[in-house]
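# Summary of the model geometry
One-letter residues, chain by chain:
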Amino acid sequence: MLTYSEVKNNAQVLNFVKQTETAMAALEYTNHGLRHAELVAERGKKLIKDLGLSKEEGELAAVAGFCHDMGNFMTRTYHHYYGALLFHQIFQDKFAPEEVSTIMQAIANHDKDEMNFTSAVSAVLVLADKSDVDRSRVTETDIEKVKKDIHDRINFATRESKIKVDKQKKRITLTLKIDTNFCPIMEYFEVFTERMVFCRKAAQFLGYDFGLVINKFRLL
Ligand SMILES: [Fe+2]
Ligand SMILES: [Fe+2]
């Protein structure tokens, strides 16, 4: 099995991530490039560790996290399917068959209505991906334009986002600090309710409840 650091230095993967960064910037989307890929990889690996799962699963979660959005440069709508197939094309001989299929399933599953978790890797990928809300994801530099786009407003207003595993209480909690002068919390729910439902399903698969704390108020 290749390591996460080998995958993140693979020239083809890096190019797909870079192409995705350009394509998403052209669509005026938030960052789906290197910053997001690395963050989701690291967050996924840490979640696996905090859940007390194996080192191998941590490595698979990091690989899936780094590659999960690399299909976006081909199509936004089906990026999860394309990402999974691209992964297979690059790495089919570099990982064991069950590792390839675990990562493919996790990538293909991360952005679907009929979300179906078959491994801790796929559940952790959703938690790591959907919890990435942060000012640094906003690529727009014109503040007036930022104010006009709800996704940009929410990300820009988010000063801090942390996800923590409480093994005793069996709860995975996302904690956000949102500048309510810039974006009312209601707007967060307008856009993020679906993502929070995905996170709840992922946590449930792992045998945990999902909690959400915004500006010190526990909402879930
Ligand atoms: Fe995605
Ligand atoms: Fe993503």
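Structure shown above.
Residues numbered from 1 in each chain as written. Chains lettered and ligands numbered in written order. Predicted model: local features only at pLDDT ≥ 70, side-chain atom pairs only at ≥ 80, totals over all residues. Heavy atoms only, no water.

A cluster of nonpolar residues, Met74, Tyr78, Tyr81 and Tyr82, forms a patch on the protein surface that exposes about 400 Å² of accessible area. For Tyr81, the location among the structural elements is in helix H5 (residues 79-91). The partly exposed category is assigned to Tyr81, whose relative accessible area is 32%. (Patch = residues over 30% accessible without salt bridge, like charges linked within 9 Å, V, L, I, M, F, W, Y side chains within 5 Å. Areas by Shrake-Rupley, 256 points an atom, 1.4 Å probe, with all protein chains shown as cover. Salt bridge = Lys/Arg side-chain N within 4 Å of Asp/Glu carboxyl O. Helix = DSSP H or I, 4+ residues; strand = E, 2+ residues; numbered from the N terminus. Buried < 20%, exposed > 50% of the residue type's maximum accessible area, 1.4 Å probe, protein only.)

Let's shift gears to the pairing of strand E3 (residues 209-214). Every other side chain in a regular strand lies on the same face of the sheet, so the side chains alternate between the two faces. Among the six residues that make up E3, five are buried, leaving the element largely enclosed by the rest of the structure. Pairing of strand E2 (residues 171-178) with E3 involves six bridges; the strand directions are parallel. Each residue of the ladder has a partner; that of Thr175, found in E3, is Val213. A crossover connection joins E2 to the parallel E3 through helix H10 (residues 185-205); in handedness this β-α-β unit is right-handed. (Pairing = 2+ DSSP bridges. Right-handed = clockwise from strand over helix to strand, strands pointing away.)

The next subject is the packing of aromatic side chains. By the definition in use, this model includes 10 aromatic pairs. A centroid spacing of 4.9 Å and a plane angle of 45 degrees characterise the contact between Phe87 and Phe91, whose relative ring orientation is tilted. Here Phe87 and its partner Phe91 are both found in helix H5, four residues apart, which amounts to about one turn of the helix. An identical accessibility class is assigned to Phe87 and Phe91; each is buried. Among the aromatic side chains, those forming a connected cluster through ring pairs are Phe87, Phe91 and Phe95. Over the face of the ring belonging to Phe156 we find Arg135, whose NZ or CZ atom lies 4.0 Å from the ring centre. (Phe/Tyr/Trp six-rings, centres within 6.5 Å; stacked < 30°, edge-to-face > 60°. Lys NZ or Arg CZ within 6 Å of the ring centre and 35° of its normal.)

Those donors, Asp69 (OD), His79 (NE2) and His110 (NE2), are the protein atoms that reach the iron ion (ligand 1), and they lie 2.1 to 2.2 Å from it. Counting along the primary sequence, the residues that act as donors to the iron ion (ligand 1) give the motif D-x9-H-x30-H. According to the relative accessible area criterion, Asp69 is buried, its value standing at 5%. Since its relative accessible area comes to 1%, His79 is described here as buried. (Donors = N, O, S within 2.8 Å, 3.2 Å for Na, K, Ca; no water.)

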